[in-house]
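Chain residues, written in single-letter form:
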Amino acid sequence: MKWRAPNMKWLQSTKTLVAFGVMALGAAGTLAFADTASAHGYIEAPASRAYLCKLQQNTGCGAVQYEPQSVETKGNFPDAGPADGKLASGGIFLELDEQTPTRWKKVDMNTGKNTFTWYLTAPHSTKEWKYYITKKDWDPNQPLKRSDLELIAKFEDGGKKPANRTSHDITIPADRTGYHVLLGVWEIADTGNAFYQVVDLNLRNGGQVQPPSVPTQLLSPSQTDKSITLSWLPSSASQGIKHYEINRNGSKVGTSTTPTYTDNGLLPSTAYTYTVVAVDQAGNRSQASAPLSVSTKATVADNEAPSVPTDVVGHPMEKSIHLMWKASTDNVGVVKYDIYRNNQLVGSSATNSYMDEGLTPATSYSYTIVAVDGAGNRSAKSSAVSVKTKEEEAPSEYPAWDSSKVYTLGNRVVYGGLVYEAKWWTQGNQPNKSDAWKLVSEVTLDWTSDSVYVSGDVVTFEGKKYQAKWWTKGEQPGVSSVWMLVS
């Protein structure tokens, strides 16, 4: 079950077919198929075409705005890989192949040495990294093809697993000016796949050192009564970005190595003004970003308990029971649910589901659920539900899942009394939560808000069966268009 990411990730292999669905955002198209890896990533700085779609700096992008890390298809580029004209999209997110001199937002960059940083949402054993740039006489009115490109950098990794943020220093040829496209290719070591990212560049100042660019698009995606979260578009620099300095009301309050920051310990209902400065590895500083004024939320007196959890159901296995219930409501917000087994507290969950493990086969258990808000107010207990674990079956031919072990394509394990099969290399990804695994046992599980589903997955919800049209997580059947009613 899967997709990235977010983030979002509709992929398909010879043995493991995961059909891409159609993502409807005013238009629909058919997505291609490719072998998959549990790795995913995109070029974060300077921001790639796909990442700028996620940031909504590029528009009309289609589904890649949700999954910039998912431009994945066959590797061994340029001998194999996507067809000419499909290099930007990997043959998957076809909007990325649209090409005119003005179609995409460009990143200003000096030629010479520059640092390119990949953000890997799921690192993976890596063969190599390759970087290509368009030739001096390329035609920006035509979709990108192999003959437009020349290799300018290559980094061998020999199967190592890279850091979540991996940077390379690339020398951009001094004879390139104006609009050019850089293609980055991340070749995976043990799947035959690769990830493709294009970066639209406005090149200038041949060969000069590039100081940090000014952080742009500073905004605040969330606030509480005591904190403000900030995000911005990553900067670039020929010396590489060391960190960002965050200033509140003209004074430095912290630093961050990523283009996000949460400022804590603030006063409720108070306005603050922020700027961000990028600092490179040599200590050079950018100019401050445009200021952003944002206010904390008012403190809400919270004396109201959450509503009682309802519709509690349990899916039994031999030694575990998967509980689900209808989410409670609250005037401020529910922060957790306490789970009681036979009137004893056995655990808590931040979502409206819980796996109670370590039980005895063929035994009945009674459960109640209590919702708790941030102020500690507690709902009354839900109605009790009695669930009996299944009879113990003969030992499985497959081993129990082990979070410390590495599994590869085709490996089978038992988790929660069910058999799962690995779709690609994976380690530590829980079978009933990760799209690195497919369910082999012929059962239909209840939908849970914290599980990932891909096209074709079938779940039950409120007594009905639904089938996923594409990658989804947390989108409720019967409400979201990602789900199709089956019966």
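Before reading further, recall that the structure is shown in the block above.
Conventions used here
Residues numbered from 1 in each chain as written. Predicted model: local features only at pLDDT ≥ 70, side-chain atom pairs only at ≥ 80, totals over all residues. Heavy atoms only, no water. Core = buried A, V, L, I, M, F, W, Y, C linked by side-chain atoms within 4.5 Å. Buried < 20%, exposed > 50% of the residue type's maximum accessible area, 1.4 Å probe, protein only. Helix = DSSP H or I, 4+ residues; strand = E, 2+ residues; numbered from the N terminus. Salt bridge = Lys/Arg side-chain N within 4 Å of Asp/Glu carboxyl O. Pairing = 2+ DSSP bridges. Axes fitted to C-alpha atoms, helices over the stretch in contact; angles between N-to-C directions. Disulfide = S-S within 2.5 Å. Phe/Tyr/Trp six-rings, centres within 6.5 Å; stacked < 30°, edge-to-face > 60°. Lys NZ or Arg CZ within 6 Å of the ring centre and 35° of its normal.

Asker: Any chance you could explain the nonpolar core here in plain terms?
Answerer: A general feature of soluble globular proteins is that nonpolar side chains tend to end up buried together. Core analysis: the biggest nonpolar cluster contains 24 residues, and V64, F77, L96 and L183 have the highest contact counts within it. Looking at this core, the elements that each hand over two or more residues are helix 1 (49–54), strand 8 (178–188) and strand 9 (193–204). Counting 19 residues, the second-largest nonpolar core is a separate cluster that includes W118, W186, I188 and L203.

Asker: Just checking my understanding: could you explain the pattern of salt bridges for this structure?
Answerer: Pairing between side chains of opposite charge can happen when the charged atoms of each approach one another. Across all of its chains, the model carries 22 salt bridges by this definition. Notably, a salt bridge pairs D108 with R204, separated by 3.7 Å at the nearest N-O pair. Residue D108 is found in strand 3 (residues 107–110), and its partner R204 is found in strand 9; the two are separated by 96 residues along the sequence. According to the relative accessible area criterion, R204 is partly exposed, its value standing at 40%. Three or more residues are tied together by salt bridges with common partners; here these are E128, K130, K154, E156 and E187.

Asker: Just to check I follow, could you spell out the pairing of strand 17 (residues 310–316) for this structure?
Answerer: It is a general feature of regular strands that their side chains alternate between the two faces of the sheet. Where strand 17 lies against strand 18 (residues 320–326), five bridges are found, and the strand directions are antiparallel. What sits directly across from G314, in strand 18, is L323. Linking two consecutive strands that pair antiparallel, namely strand 17 and strand 18, is a turn of three residues.

Asker: Hey, could you run me through the sheet that holds strand 33 (residues 483–485) in this one?
Answerer: For sheets, the rule is that strands pair by backbone hydrogen bonds, running either parallel or antiparallel. Strand order in the open sheet formed by three strands is 30-31-33, with antiparallel pairing between adjacent strands. The strands lining the two open edges of the sheet, one partner per strand, are strand 30 (458–461) and strand 33. Mean inter-strand twist for the sheet, computed between neighbouring axes without regard to direction, equals 40°. Relative to strand 33, strand 31 (residues 464–468) runs antiparallel, the two being bridged by three bridges. Of the residues in strand 33, the one forming a bridge with Y466 is L485.

Asker: What's the story with the state of the cysteines in this structure? I'm lost.
Answerer: A disulfide bridge is the covalent bond that connects two cysteines by way of their sulfur atoms. One pass over the full model with this rule turns up one disulfide. Here C53 connects covalently by a disulfide to C61, the sulfurs 2.1 Å from one another. Residues C53 and C61 are joined through a disulfide that is left-handed, its torsion about the S-S bond being -75°. Just as C53 is buried, C61 falls in that class too.

Asker: Looking at this structure, I do not really get the packing of aromatic side chains. What am I missing?
Answerer: Both the distance between ring centres and the angle between the ring planes are used here to describe each pair of aromatic rings. Using the criterion set out here, one finds 17 aromatic pairs in the structure. Taken together, a centroid distance of 5.8 Å and an interplanar angle of 75° make the contact between F77 and Y196 edge-to-face. Taken together, the residues F77 in the loop between strand 2 (72–74) and strand 3 and Y196 in strand 9 connect sequence positions 119 residues apart. Where W118 meets W186, the ring centres are 6.0 Å apart and the plane angle is 65°; that geometry is what we call edge-to-face. Of this pair, W118 sits in strand 4 (residues 112–122) while W186 sits in strand 8, and the two are 68 residues apart along the sequence. As far as the burial class goes, W118 and W186 line up, both buried. Ring pairs connect the aromatic residues W118, W129, W186 and F195, which therefore count as one cluster. Sitting above the plane of the W104 ring, R103 keeps its charged end 3.9 Å from the centroid. For the cation-ring pair, K381 lies above Y340, with the distance from its terminal atom to the ring centre recorded as 4.4 Å.

Remember that the coordinates give geometry; whether it matters functionally is a separate question.
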